[in-house]
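# Reading the structure
Listed here are the chains, written in short residue letters.
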Amino acid sequence: MNTGKWTLFTDGASNQKGTGLRIILKSPKGDILPQAVSYEFNTTNNKAEYEALIMGLQLDKGLQIKDLQVFVDSLLLTNHFIKSYAVKGERLALYLEILKKLASDFENFSLTQVHREENTEAYALANLGSSLRIPPKTKIPITHIITPAIEALSDKSDDPEQPISVAAIEDPDPQIPPQKYPDEQDPQRSPQSWT
């Protein structure tokens, strides 16, 4: 189990070129674990923000993190979570349900909305590498997701801890063997789909 307070920064964006997510996990010692995700489907900015946070929380649960402080730049997502805004639309309600389930599994969990202009690390989510000092030899894999979290989870089970559908991971350093989920049971899966 990973002890101490961990910090998660997430950001999702969608435009005509596609949907991208930025996830940065920071350990209590200051180590940084960045993740870039490219989605193979179109969605809205609000749904992309939920996808980023859900993916980040799944990563944290996989690392057995118990104390997590989350920063997002989405005012809508934050206000949905703290019940200041009513959720409009069935899909956003499903995203919120998954988010609440994942958040409830942490011993300590906080979600804070930040303005990019007021927080350099949150701002770095939109401009990965321009304001956040990532060590020079750090490799950032890009994961390609083919199914939205709300569809992938509803098709398999009600367990939001199940990893979402991954098409491929672009390995920035093919000489390093891919990492496999500890509970991965399918030895026939291609190494490019391991996370």
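Just so it is clear, the model here is predicted, and its values are computed rather than measured.

### Looking at the overall build of the protein chain
Counting its secondary structure elements, the protein chain contains 5 helices and 7 strands. Scanning the protein chain from its N terminus toward the C terminus, one meets helices and strands in the order β-β-β-α-β-α-α-β-α-β-α-β. The buried share of the protein chain, taken over its 195 residues, is 42%. Summing over all exposed atoms, the protein chain offers an accessible surface of approximately 10800 Å²; the carbon and sulfur share of this is 49%.

### Things to note about helix H3 (residues 90-104)
Over its 15 residues, H3 runs 21 Å from end to end, which matches the ideal 21 Å to within 8%, given 1.5 Å per residue. Among all positions of H3, only Leu92, Tyr95, Leu96, Ile98, Leu99, Leu102 and Ala103 are buried. Buried residues of H3 fall within an arc of 160° about the axis and therefore sit on the same side. For H3, the exposed residues set more than 90 degrees away from the buried face come down to Glu90, Glu97 and Ser104.

### A closer look at the confidence of the model for the protein chain
Taken residue by residue, the protein chain gives an average pLDDT of 75. The fraction at 70 or more is 63%. Residue range residues 125-133 is modelled with pLDDT below 50. Its contacts to residues more than four positions away, or to other chains, number 21 contacts.

### Concerning the pairing of strand S1 (residues 2-15)
Pairing of S1 with strand S4 (residues 65-72), which is carried by 7 bridges, proceeds in the parallel orientation. Residue Phe9 lies in a different strand from S4, and its bridge partner there is Phe71. Sheet topology note: the S1/strand S2 (residues 18-26) ladder contains 9 bridges and is antiparallel. Each bridged residue has a counterpart across the sheet, and for Phe9 the counterpart in S2 is Ile24. Hairpin connection, S1 to S2: the antiparallel pair is bridged by 2 residues.

### Re the packing of aromatic side chains
The description of two aromatic rings rests on the distance between their centres and on the angle between their planes. In this structure the tally under the stated criterion is 4 aromatic pairs. Ring centres of Tyr50 and Tyr95 lie 5.6 Å apart, and the angle between their planes is 20°; on these two criteria the pair is classed as stacked. Within this pair, whereas Tyr50 is found in helix H1 (residues 45-62), its partner Tyr95 is found in helix H3, the two being separated by 45 residues in sequence. Both residues of the pair, Tyr50 and Tyr95, belong to the buried class. Taken together through their ring pairs, the aromatic side chains of Phe81, Phe106 and Phe109 make up a single cluster. In this structure, Lys61 packs its charged tip against the face of Phe106, placed 5.5 Å from the ring centre.

### A look at the pattern of salt bridges
One pass over the structure, following the stated rule, counts 5 salt bridges. Asp105 is the partner of Lys61 in a salt bridge, and the nearest nitrogen-oxygen pair spans 3.8 Å. Of this pair, Lys61 sits in helix H1 while Asp105 sits in the loop between H3 and strand S5 (108-113); the two residues are 44 residues apart in sequence, bridging distant segments of the chain. Between Arg91 and Glu151 there is a salt bridge whose closest N-O contact spans 3.1 Å. You can see Arg91 sitting in helix H3 and its partner Glu151 sitting in helix H5 (residues 149-156), a full 60 residues away along the chain. Each of the salt bridges in this network shares a partner with another, and the network as a whole consists of Lys61, Lys101 and Asp105.

### Let's talk about the nonpolar core
By size, the foremost hydrophobic cluster in this structure holds 31 residues, and its most contacted members are Leu8, Leu53, Leu57, Leu68 and Val70. Of all the secondary structure elements, the ones that give two or more residues to this core are S1, S2, strand S3 (32-39), H1, S4, H3 and H5. Here this core gets 7 residues from one element, more than from any other, and that element is H1. When near neighbours in sequence (up to four residues on either side) are disregarded, Leu68 contacts Trp6, Thr7, Leu8, Leu25, Leu57, Asp60, Phe106, Asn108, Phe109 and Ser110.

Here is what the cut-offs are and how they apply
- Residues numbered from 1 in each chain as written.
- Predicted model: local features only at pLDDT ≥ 70, side-chain atom pairs only at ≥ 80, totals over all residues.
- Heavy atoms only, no water.
- Helix = DSSP H or I, 4+ residues; strand = E, 2+ residues; numbered from the N terminus.
- Buried < 20%, exposed > 50% of the residue type's maximum accessible area, 1.4 Å probe, protein only.
- Areas by Shrake-Rupley, 256 points an atom, 1.4 Å probe, with all protein chains shown as cover.
- Expected span 1.5 Å × (residues − 1).
- Arc of directions from axis to C-beta.
- pLDDT = per-residue confidence, 0-100.
- Contact = heavy atoms within 4.5 Å.
- Pairing = 2+ DSSP bridges.
- Phe/Tyr/Trp six-rings, centres within 6.5 Å; stacked < 30°, edge-to-face > 60°.
- Lys NZ or Arg CZ within 6 Å of the ring centre and 35° of its normal.
- Salt bridge = Lys/Arg side-chain N within 4 Å of Asp/Glu carboxyl O.
- Core = buried A, V, L, I, M, F, W, Y, C linked by side-chain atoms within 4.5 Å.

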